Amino acid sequence: MVAQSPFIAIFITKQNFVLAKQIKFQYFCQLFRTKKKKRNIMLIKELKKDLYYVGVNDRKTHLFENMWPIPQGVSYNSYVIVDEKTALFDTVEIASSGMFIKKVLNVLDGRKLDYLIVNHMEPDHGGSIEIIRRYFPDVTIVGNKKTFGMLEGYFGITDNLYEVKEGDTLSLGEHMLNFFMAPMVHWPEVMVTYDSTNKVLFSADAFGTFGTIDGGILDTELDLIKYEGEMRRYYASIVGKYGNPVQKALQKLSPVDISMICSLHGPVWTKDIERVVGLYDKWSRYEHEEEGVVIAYGSMYGNTEEMAERVARALSIYGVKKIVLHDVSKSDASYILSDIFRYNGLIVASPTYCNELYPGVKSLLDKLQTRAVKNKVFSFFGSFSWADASSKNFVKFAEDMKWEVVGEPFAEKMTLGDEKTQMAEELGKAMAEAVKK
Ligand code: FEO
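Criteria and thresholds
All residue numbers here refer to positions counted from 1 along the written sequence of the relevant chain. Given that this is a predicted model, residues contribute local features only at a pLDDT of at least 70 and side-chain atom pairs are listed and counted only at 80 or more, while totals for whole chains, interfaces and linings are drawn from all residues. Starting at the N terminus, helices and strands are each numbered in turn, a helix being any DSSP run of H or I of at least four residues and a strand any DSSP run of E of at least two. The exposure label follows from counting other C-beta atoms within 10 Å of a residue's C-beta, where the C-beta atoms are placed from the backbone and the thresholds are 20 or more for buried and 12 or fewer for exposed, leaving partly exposed in between. Between any two strands, pairing holds if DSSP finds at least two bridges. Axis definition: a line fitted to C-alpha atoms, over the contacting stretch in the case of helices. Angles run 0 to 180 degrees between N-to-C directions. For this classification, under 35 degrees means roughly parallel, over 145 means roughly antiparallel, 65 to 115 means roughly perpendicular, and everything else is oblique. It is the rotation of the near helix from the far one that decides the hand of a crossing: anticlockwise by less than a right angle makes it left-handed, clockwise makes it right-handed. By the convention adopted here, residues make contact when the C-beta atoms placed from their backbones lie within 7 Å. Given a helix with a known number of residues, its expected span is that number minus one, times 1.5 Å. As a working rule, the residues Ala, Val, Leu, Ile, Met, Phe, Trp, Tyr, Cys and Pro are called nonpolar, Asp, Glu, Lys and Arg charged, and the rest polar, with Gly in that last group. Any set of buried Ala, Val, Leu, Ile, Met, Phe, Trp, Tyr and Cys residues joined through C-beta atoms within 7 Å is what this text calls a nonpolar core.

A.B. asks: Would you take a moment to explain the overall build of the protein for this structure?
C.D. replies: Regarding its fold elements, the protein presents 15 helices and 22 strands. Sorting the 437 residues of the protein into buried and exposed places 47% on the buried side.

Structure (structure tokens):
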């Protein structure tokens, strides 16, 4: 039964190493090899001389990392250089390995794979390493010391390894690979690889974005509007904590002449390199893109929401055009974080709940602290029915974040009255003046 389908064999391999051995994997590999012999140019894109895209799109997964919604899907990018030696740059998430293997075999066109360069071990990229080893038992895996600790931990792989350090090079024939360590962009083992012959940077997660790449692969072939928000949302959700490591990596790579960036997610960047590097530089410095204000509020019965509307109206009256209100119970945190990275102003509002902040607000503040978000023009307000606990929590949060509080925050008891209505308008005015400074 199992022997009928190589795809089934692949999934079983992930779940049970011993069982996978019993199903004679090489036999299935042979089935693939004999079925398709000619390189299919409709399926495989040559990005630059000798460089091919072999990544896949994932439109099935609802939550990336089982946390972050991806309504427009995501791509797991992978690349092959065919030179005197052949090299594969990273693999893909295990559930997409069927299409991935098909593409790799198609590009290699009967040749063996000499090197697997592992720039990042997170399972959305490292997930198919073991399968690649089964198709190409002699492949040499190229990584750094931390990569190899993870290879052993995830797959028990300890042989056929080639360790590289900062500044090392590896010749594939015409193409020369240069290795740069980029720890904590986004995991500690992350490195990036530069092909100095083609001037191509294989950048791991850096410059990646949510959203599948549909039909086209290069930024010149795609409608980039789809990725404008999704790139920031990807950064804010996945990489947002690692501003300092991103800055170090950008500085290290600044002298490198790059004509193409091959990230592990989203479009391959060519004409838009300056823009996407500029965005990463801005986000990793925690600098805003535009003047504007996010109001993120929790509200059980509409009282705090009414205050949020009043504040928003005052912001508008005093000249702020970019105003985004998020109900934390409805907006996914990734969208709120993305807008917080985009704009300079942030107002958070919460009713008191179980003598604490409203749970959705508490969770949002926790995410901001985890990411050590800086440079926000901040204020807050809230509501309560018998005891105000939200205000003291907000005060502590602002102190912990080292954020200055703008205007005069307030908390209303039960429903909104005249005094607090006036205070809401004053808070909106103060925030409007602060964000425009
Ligand atoms: Fe796309 Fe850190 O993995």
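So much for the structure itself; the text now carries on.
A.B. asks: Can you walk me through unusual backbone geometry in this structure?
C.D. replies: Note: most peptide bonds trans; most residues except glycine with negative phi. Not every positive phi belongs to a glycine, and Cys 354 is a case in point at roughly 50 degrees. You can see Cys 354 is positioned in the loop between strand S19 (343-353) and strand S20 (356-357). Phi angles above zero are rare outside glycine, and Ala 372 is one such case at about 45 degrees. Tracing the backbone through its elements, the reader meets Ala 372 in the loop between helix H13 (359-370) and strand S21 (377-384).

A.B. asks: Could you clarify how one ought to interpret the pairing of strand S13 (residues 176-181) in this entry?
C.D. replies: Remark: a regular strand shows side chains that alternate across the two faces of the sheet. The pairing of strand S12 (residues 169-171) with S13 spans three bridges and is classified as antiparallel. Each bridged residue has a counterpart across the sheet, and for Leu 170 the counterpart in S13 is Leu 177. Where S12 folds back on S13, the antiparallel hairpin that results is connected by four residues, among which Gly 173 adopts a positive phi of roughly 130 degrees. As judged from the five bridges shared by S13 and strand S14 (residues 191-195), these two strands associate in the antiparallel manner. Bridge assignment links Met 181 to a residue of S14, and that residue is Met 191.

A.B. asks: Can you walk me through the environment of Leu 88 in this structure?
C.D. replies: As for its position among the elements, Leu 88 is in strand S8 (residues 86-89). Taking the number of C-beta atoms within 10 Å as the measure of exposure, Leu 88 has 28 and is therefore buried. Between the alpha carbons of Leu 88 and Tyr 52 there is a distance of 9.5 Å; along the sequence they are 36 residues apart.

A.B. asks: Where do I start with the packing of helix H11 (residues 303-317) against helix H15 (residues 418-435) in this structure?
C.D. replies: For any two helices packed against each other, one specifies the crossing angle of their axes together with the interaxial distance. Where H11 meets H15, the axes come as close as 7 Å, and the angle between the chain directions of the two elements is 45 degrees. Overall, the two elements H11 and H15 adopt an arrangement that is oblique. Note on packing geometry: the crossing formed by H11 with H15 is right-handed. Contact residues: H11 offers Met 307, Arg 310, Val 311, Ala 312, Arg 313, Ala 314 and Leu 315, while H15 offers Thr 421, Ala 424, Glu 425, Leu 427, Gly 428, Lys 429, Met 431 and Ala 432.

A.B. asks: I tried to follow H15 on my own but got confused; where do I start?
C.D. replies: Side chains of residues three or four places apart in an α-helix project in the same direction, reflecting 3.6 residues per turn. The end-to-end C-alpha distance of H15 is 26 Å, a good match for the 26 Å that 18 residues give at a rise of 1.5 Å each. Where H15 is buried, its residues contact strand S17 (290-297), H11, S19, S21 and strand S22 (410-413).

A.B. asks: I'm lost on the packing of helix H9 (residues 243-253) against helix H10 (residues 273-284) in this one. Help?
C.D. replies: It is at 8 Å that the axes of H9 and H10 come closest, and there the two elements cross at 140 degrees. The angle between H9 and H10 falls in the class oblique. The crossing of H9 and H10 is left-handed. Residue-level contacts link Gly 243, Val 246, Gln 247 and Leu 250 of H9 to Val 277, Tyr 280, Asp 281 and Ser 284 of H10. A breakdown of the residues in the contact of H9 with H10 according to their chemical character gives four nonpolar, three polar and one charged.

A.B. asks: Looking at this model, I keep getting lost on the sheet that holds strand S15 (residues 200-202). Mind explaining?
C.D. replies: The strands that make up a sheet pair up through hydrogen bonds in the backbone, lying either parallel or antiparallel. Spatial strand order, S12-S13-S14-S15-S16: five strands in an open sheet with mixed pairing. Two strands in the sheet have a free side with no partner beyond their single neighbour: S12 and strand S16 (260-262). In this sheet, adjacent strand axes meet at a mean angle of 20 degrees when their direction is disregarded. Sheet analysis places S15 next to S16, joined by three bridges and oriented parallel. Bridged to Val 200 within S16 is Met 260.

A.B. asks: Which parts of the structure should I look at to understand the pairing of S19?
C.D. replies: Taken across its 11 residues, S19 has 10 buried, putting it largely inside the fold. Looking at chain direction, S17 and S19 are connected through six bridges and run parallel. Residue pairing for S19: Val 294 is matched across the bridge by Leu 346. Where S19 lies against S21, seven bridges are found, and the strand directions are parallel. Bridge pairing in S21 places Gly 345 opposite Val 377.

A.B. asks: What is the right way to look at the nonpolar core in this model?
C.D. replies: Considering soluble globular proteins, one finds that nonpolar side chains tend to be buried as a cluster. One finds Val 80, Leu 116, Val 293 and Ile 295 to be the most contacted residues of the largest nonpolar core, which totals 122 residues. Per element, the largest residue contribution to this core is seven residues, and it comes from helix H8 (residues 225-239). Every residue in contact with Ile 295, bar those within four places of it in the chain, is listed here: Ala 308, Val 311, Ala 312, Leu 325, Ile 347 and Ala 349.

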